[in-house]
Amino acid sequence: MSKILSGIAGFFKGEGWSRYRKSFRYAFYVILHPFDGFWDLTHEKRGSMAVAHTIVILTVLTHIWDRRFTNFMLNNTRWSEFSIWLNTLGILVPLLIWVTANWCVTTLFDGKGRFYEIYMGTAYALTPYPLIGLPMILLSNVVTKEEGVFYTYFNTFALIWAGFLILCAVLMIHDYSLLKGIVVILASIVGMAVIMFVCLLFFSLISDAIMYLVSLYKELLFRIS
Amino acid sequence: MKPIAKRSIALLMLLCLLFCNVTPAMADDDDWYTYTYNYWGDPVASPNAYAVTNKIYPQYIDPELGTFSSATSLFCIDDLVFICDAGNNRVIELQKVNGTYELVRIIYSLNVSKLVAPQLKFKDSIDATLYNPMDIFVKPITQADRVANFGTDYLGDPYDFSAETASVTQGNSLTTSDEDNAGEGGEGGESGEGGEGGEGGEDAPTPTPTPVAPSERKENIVRKDLKRDYDFYIADKLHNRVIHCDYNLNVINVIRDPQDDTLGDNYVFNPEHIATDAAYRTYVQAAGVVNGFMEFDKGGSFTGYVGAAKVIVSFWRKLWRKIQTKEQRNRSAQHVPTEYNNISLDKNGFIYATISALEDQDIWDGTATPVRKLNSMGTDILIRNGSAFPMGDLSWGSVKNYAGASKFVDVIAFNNDTYCCLDRTRGKIFAYDFQGNLLYAFGNGGTTRGRFSQAVSMDNMDEETILVLDGTAGNITEFSMTDYGKMINEALALYKTGYYDESAEVWKRILQFNGNFELAYIGIGRALLRKGEYKEAMGYFESAHDSENYSKAFRHYREQVVEKYIVYAVVVLIALIVIPKIIRKVRKMRKEIREA
């Protein structure tokens, strides 16, 4: 976690900018040469946390812009129930849980990756989503409904691509075989469910406890006055 | 003393708080009397398209009428209303005169000539009474047509019911009470005092709850002697027949005992709803028949089925049946095609039919259709272009302890191809246009004006008046179309006949009454689309979430934009290619000049 923060700080130090541009360009290399790319990303230190953050932010923005600016023929957003914050959290929270769950699982299954490396790898793997998603938003505004299938196809393709890249990232960062990688990903998904369950349990218990205290306080006031 | 007082006051306040919470729960019911659904499937308030103008209680029309007992059907034609009061084994005829309803006659039994009499044989005697008449269809027919199609033989010597009585058992000594003769009119000639059928009420072969069979031949009560060119088709359910008679109640023909291989040996014909088209084909919805409507020709012989509903078996059910053992499979409910529950004809003779025995999920998916329009081949030709399928309520939240899809029990088709469906369980009426868009829904469960305990049947008197029969409460509600409803009809009619601009004007007026009405936005958008104002049309379609029409408008708009700017685009493109070349050439020439 401290690495993530230091990544932000590192950007503002000296040679940050040229390194940033270099590792940003490297993202395009990674998505086209995933095995090679993800290996060098961590092992040769060619990735940077700043770029990882940028890609995550771009992903969030693409998701929101997709809801906002996609032509309404292809966009079933109900504005009265749309929230930017919920959509932002809808990307960030699963990402954080995924990284946490994957880190937990791989630590047990002797994975080589560290927490920040998993985050970085996942972020780089998300590159196709803004890369394809942003032009598709523009495209959606100049097509008719029948031509809109391209929009759907390309966006689906972007998601599949990103999914494949995440698999590659897990394999390379932790130095796993394919089978082990898939098992670890499935275990991570189960881990995500467990984390969410524990969080829900925690919050509902906490809220119950708070409710109890509040009602106790009210009752006391009632008696005293 | 003091703390006790304090405590009791606190308790009282707490109790107040308790009740305070309860009262606001039942709010603004009336604001939501009429509504539509928006694109998202949420109910949105609408002005009233129909308003209650009369509530008819039979006991206030004529003391002779008493109350209804499980009335099942209502039929309106011109100024007459026919009600099938099944539980009382009678059909009631009312006439609307200056806005009030007056009794014309109460029909208990029919007149039979000696020639037709054998066809009315039930058990072992001739029985011309009605036994649980479920439905009546009234068909306008001129005397000439009647003679041409059915002859005049049926009008022969009247059958003598008193002679029959003598020959049959005298077991039941019931006699007609005097009051029944009170209003006897001209045509009830052959008095059949005690013309008792062989069946007693207790051994009737019918499912529970069994209406009591007419124990004697009751004379009809006639208040008015009208002359009309109508024929009646009466579904005399528990006598297992459909009776065809003229306006003077002389039986012309009887449809009974259909013969077909698909019907089992011990099949009992229990007709429930009927309709007869211009070619004198009679369509019958009979209890337990799952192959569609039974079709009978002019002479009353069975010719086949129309519009068999196809069996819908979901994937999971199939899988489940594979897993089940044989005994379990036999024990679980047989999956048979669904039964129709009502029928009505539109002005062109197409059959509108309703089905209520459907799975909610199938209705939602559109694999099951609660309302259908059948052509003569029995194919469903109802247009379902609305944002949702015509299925009644879209939000199935629990309303008055009922949740789930609407159950349509009746349908009426208007001359402008709009149709109304009656939902039994929530007591609501849903009006759809010819494209299957919901125009408005109104009604509710309850007993006050405009609400129904159990709506069972409805019909339209003219294009702007609807009567709804409440089977449980035993009354009839008359709805008349408001100006708002008339405007919608006007707009639809103008659009259908090609007056797009005029229809757009009306839609704009409708929007002033109801900004929630998406169909109005689409109507205006369509008119603009026809006029070629694509950009404006797109705006209206977007307001109504109509992506299909938006796409059409957008295609044209895109063409316009491309045509407008294609010249500039080409010029710019050429410039981008040519200018660098010229520059290069100029540079080259300069270089050559310098070197030279």
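The rules behind the values
- Residues numbered from 1 in each chain as written.
- Chains lettered and ligands numbered in written order.
- Predicted model: local features only at pLDDT ≥ 70, side-chain atom pairs only at ≥ 80, totals over all residues.
- Heavy atoms only, no water.
- Core = buried A, V, L, I, M, F, W, Y, C linked by side-chain atoms within 4.5 Å.
- Buried < 20%, exposed > 50% of the residue type's maximum accessible area, 1.4 Å probe, protein only.
- Helix = DSSP H or I, 4+ residues; strand = E, 2+ residues; numbered from the N terminus.
- Pairing = 2+ DSSP bridges.
- Disulfide = S-S within 2.5 Å.
- Axes fitted to C-alpha atoms, helices over the stretch in contact; angles between N-to-C directions.
- Parallel < 35°, antiparallel > 145°, perpendicular 65-115°, else oblique.
- Left-handed = near helix turned anticlockwise from the far one by under 90°.
- Contact = heavy atoms within 4.5 Å.
- Nonpolar A, V, L, I, M, F, W, Y, C, P; charged D, E, K, R; others polar.
- Expected span 1.5 Å × (residues − 1).

1. Concerning the nonpolar core
Ranked by size, the top nonpolar core spans 80 residues in total, and within it Phe82, Leu110, Val112, Ile136, Phe232, Met294 and Ile351 of chain B carry the most contacts. No other element matches the five residues that strand 12 (residues 230-236) of chain B contributes to this core. Among the nonpolar cores identified, the runner-up in size contains 48 residues, and Met73 of chain A together with Ile412, Leu439 and Leu528 of chain B belong to it.

2. As for the pairing of strand 25 (residues 438-443) of chain B
Residue and element names in this part refer to chain B. With six of six residues buried, strand 25 is to be regarded as a mostly interior element. One ladder, built from two bridges, connects strand 1 (residues 34-37) with strand 25; its direction is antiparallel. Opposite threonine 34, over in strand 25, you have phenylalanine 442 as the bridge partner. Bridge count between strand 24 (residues 428-432) and strand 25: five bridges; the pairing is antiparallel. Note that in strand 25 the partner of alanine 431 across the bridge is tyrosine 440. Hairpin geometry of strand 24 and strand 25 is characterised by an intervening segment of five residues between the two adjacent antiparallel strands and by a positive phi of about 90° at glycine 436.

3. Here we look at the state of the cysteines
One way to say it: the disulfide is the covalent bond shared by the sulfur atoms of two cysteines. Residue and element names in this part refer to chain B. One pass over the structure, following the stated rule, counts zero disulfides over all chains. Cysteine 245 supplies the cysteine sulfur nearest to cysteine 84, a cysteine that is in no disulfide, at a spacing of 11 Å. Using a relative accessible area of 0% as the deciding quantity, one classes cysteine 84 as buried.

4. Overview of the packing of helix 6 (residues 115-125) of chain A against helix 8 (residues 149-174) of chain A
Residues and elements named next belong to chain A. Close contact between helix 6 and helix 8 brings their axes to 8 Å; oriented N to C, the two are set at 150°. The orientation of helix 6 with respect to helix 8, classified from their angle, is roughly antiparallel. Where helix 6 crosses over helix 8, the two elements pack in a sense that is right-handed. On the side of helix 6, the interface is formed by Glu117, Ile118, Gly121, Thr122 and Ala125, while helix 8 contributes Ala162, Leu165, Ile166, Ala169, Ile173 and His174. Broken down by class, the residue content of the contact of helix 6 with helix 8 amounts to seven nonpolar, three polar and one charged.

5. Description of the pairing of strand 22 (residues 408-413) of chain B
The two faces of the sheet receive side chains in turn, since in a regular strand these alternate between them. Burial analysis of strand 22 of chain B places six of its six residues in the buried class, which makes it a mostly covered element. The antiparallel pairing of strand 22 of chain B with strand 23 (residues 419-423) of chain B creates a hairpin that spans five residues between the two strands, and aspartate 417 of chain B there sits at a positive phi of about 70°.

6. Re helix 9 (residues 178-224) of chain A
The end-to-end C-alpha distance of helix 9 of chain A is 68 Å, a good match for the 69 Å that 47 residues give at a rise of 1.5 Å each. Against the buried residues of helix 9 of chain A lie helix 5 (84-108) and helix 8 of chain A.

7. Some remarks on the environment of phenylalanine 161 of chain B
Note on placement: phenylalanine 161 of chain B falls in helix 4 (residues 161-167). Between the alpha carbons of phenylalanine 161 of chain B and valine 222 of chain B there is a distance of 20 Å; along the sequence they are 61 residues apart.

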